[in-house]
Amino acid sequence: MKLTDNVLRSFRVAKVFRENSDKINCFDFSPNGETVISSSDDDSIVLYDCQEGKPKRTLYSKKYGVDLIRYTHAANTVVYSSNKIDDTIRYLSLHDNKYIRYFPGHTKRVVALSMSPVDDTFISGSLDKTIRLWDLRSPNCQGLMHLQGKPVCSFDPEGLIFAAGVNSEMVKLYDLRSFDKGPFATFKMQYDRTCEWTGLKFSNDGKLILISTNGSFIRLIDAFKGAVLHTFGGYNNSKAVTLEASFTPDSQFIMIGSEDGKIHVWNGESGMKVAVLDGKHTGPITCLQFNPKFMTFASACSNMAFWLPTIDD
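Residues numbered from 1 in each chain as written. Predicted model: local features only at pLDDT ≥ 70, side-chain atom pairs only at ≥ 80, totals over all residues. Heavy atoms only, no water.

1. Comments concerning the UniProt feature "repeat: WD" (unreviewed entry) in the chain
Logical step 1: UniProt records the feature "repeat: WD" (unreviewed entry) for residues 17-58, 103-138 and 235-276 in the present numbering.
Logical step 2: Secondary structure across residues 17-58 comprises 0% helix and 57% strand; the distance between its end C-alpha atoms is 13 Å.
Logical step 3: Across residues 235-276, the secondary structure splits into 0% helix and 43% strand, with the terminal C-alpha atoms separated by 9 Å. (UniProt positions renumbered as here; feature names shortened; annotations may be inferred. Helix = DSSP H or I, 4+ residues; strand = E, 2+ residues; numbered from the N terminus.)

Put into structure tokens, the structure is as follows:
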């Protein structure tokens, strides 16, 4: 089944889970699409089975809190950042709920975490104005970059380069093997003082970069030339909430939630809005991602919703 405008318009909430007492700050699908794991401001980690459509287990990180949870390549391990006490990144085995390793180094809150799609490398960006490069097998930082401001960062789908959005006005591209030589490309955007950048993602085909903000617009740029292809707006975000924007796995559509519980979807090529879906969320939709393998997506406020199409075009 192929994603089309009509199929996207037909998506409806199939299941709602109320496992959390505070907002879900992040979730991540496993690479095989079979599970999704969430982190919440209530200090819990909830693992859901996407095929059976139910929560499988809940773990807690009461002491350190939990944010920016990411699967590694082993299906039963995750890395996540703390939102209490310290700014160490933790590597957790879900199997026995034990920490495998700690990654200390950042001196302020970690605001970006991206796992390499191909190996055990990951990068983190922090309010201490650095990006650090790590390897899951070692607690020592493998590389450090000092920047001019708050960074958002992400690997490309091949895991060969990463992009850093700096100071909400520049995108810098680095070659992973020689990032200490500085960026091989820098794209300067028009600075908008009404909001700041909160995230950056590559499309699966590697051709596009999506920049999310805490304002009421997101930007789609050409990953090779840095030209702004589209600016998408018309959704509600009056309280400067960090709303996650995502590509569909085929790189064709871009979606974002809003503070009124609706999801807006655009065609990346034409720039046209193709759907506004009502998720009936009780708060702002802070997290939104399409399943990498199955025709379903998830959205979250303090509740988690699984969506399914109601037609098969």
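Alright, that's what it looks like, and here's the rest.
2. What to know about the pairing of strand S12 (residues 130-135)
Logical step 1: Of all six residues that make up S12, six are buried, and the element is covered over most of its length.
Logical step 2: Where burial is concerned, the two faces of S12 agree: the one with Thr130, Arg132 and Trp134 and the one with Ile131, Leu133 and Asp135 are both buried.
Logical step 3: Here five bridges tie strand S11 (residues 121-126) to S12, and the two strands are oriented antiparallel to one another. From the neighbouring strand, threonine 121 faces S12, where its bridge partner is aspartate 135.
Logical step 4: Joining the antiparallel neighbours S11 and S12 is a turn of three residues, in which lysine 129 adopts a positive phi near 65°.
Logical step 5: Sheet analysis places S12 next to strand S13 (residues 138-146), joined by five bridges and oriented antiparallel. Considered in S13, the bridge of threonine 130 is made with histidine 146. (Buried < 20%, exposed > 50% of the residue type's maximum accessible area, 1.4 Å probe, protein only. Pairing = 2+ DSSP bridges.)

3. Remarks on the pattern of salt bridges
Logical step 1: Taken as a whole and assessed by the stated rule, the structure comprises eleven salt bridges.
Logical step 2: We note a salt bridge from aspartate 135 to arginine 137, for which the minimum N-O separation is 2.7 Å.
Logical step 3: Note that glutamate 244 and lysine 201 form a salt bridge whose closest N and O atoms lie 2.8 Å from each other. Residue glutamate 244 is found in the loop between strand S21 (228-233) and strand S22 (245-247), and its partner lysine 201 is found in strand S18 (residues 197-202); the two are separated by 43 residues along the sequence.
Logical step 4: Overall, the relative accessible area of 23% leaves lysine 201 in the partly exposed class. (Salt bridge = Lys/Arg side-chain N within 4 Å of Asp/Glu carboxyl O.)

4. Observations concerning the environment of proline 151
Logical step 1: Counting through the fold element by element, proline 151 comes out in strand S14 (residues 151-155).
Logical step 2: Leave out the neighbours within four places in its chain, and proline 151 touches Val111, Ala112, Gly125, Ser126, Lys129, Thr130, Ile131 and Gly165. (Contact = heavy atoms within 4.5 Å.)

5. Points about the sheet that holds strand S16 (residues 170-175)
Logical step 1: Across the sheet, four strands lie side by side as S14-S15-S16-S17; this open sheet has antiparallel pairing. A single partner strand is all that each edge strand has here, and the edge strands are S14 and strand S17 (185-188). Going across the sheet, the axis of each strand differs from the next one's by a mean of 15°, ignoring polarity.
Logical step 2: In this sheet, S17 lies alongside S16 in antiparallel orientation, the contact comprising four bridges. Bridge pairing in S17 links valine 171 to phenylalanine 187. (Axes fitted to C-alpha atoms, helices over the stretch in contact; angles between N-to-C directions.)

6. Regarding empty space enclosed by the protein
Logical step 1: Under the definition given, this model contains one cavity of 30 Å³ or more.
Logical step 2: Space inside the largest cavity adds up to approximately 40 Å³.
Logical step 3: Taken together, Ser168, Gln190, Asp192, Cys195, Trp197, Thr213, Phe217 and Arg219 make up the full set of residues lining the largest cavity.
Logical step 4: Looking at side-chain class alone, the lining of the largest cavity contains three nonpolar, three polar and two charged residues. (1 Å grid on protein atoms, 1.4 Å probe; cavity = no way out; pocket = protein on both sides within 12 Å on 5 of 7 lines; lining within 4 Å. Points joined across faces, edges and corners; volume = space filled by probe spheres on them. Nonpolar A, V, L, I, M, F, W, Y, C, P; charged D, E, K, R; others polar.)

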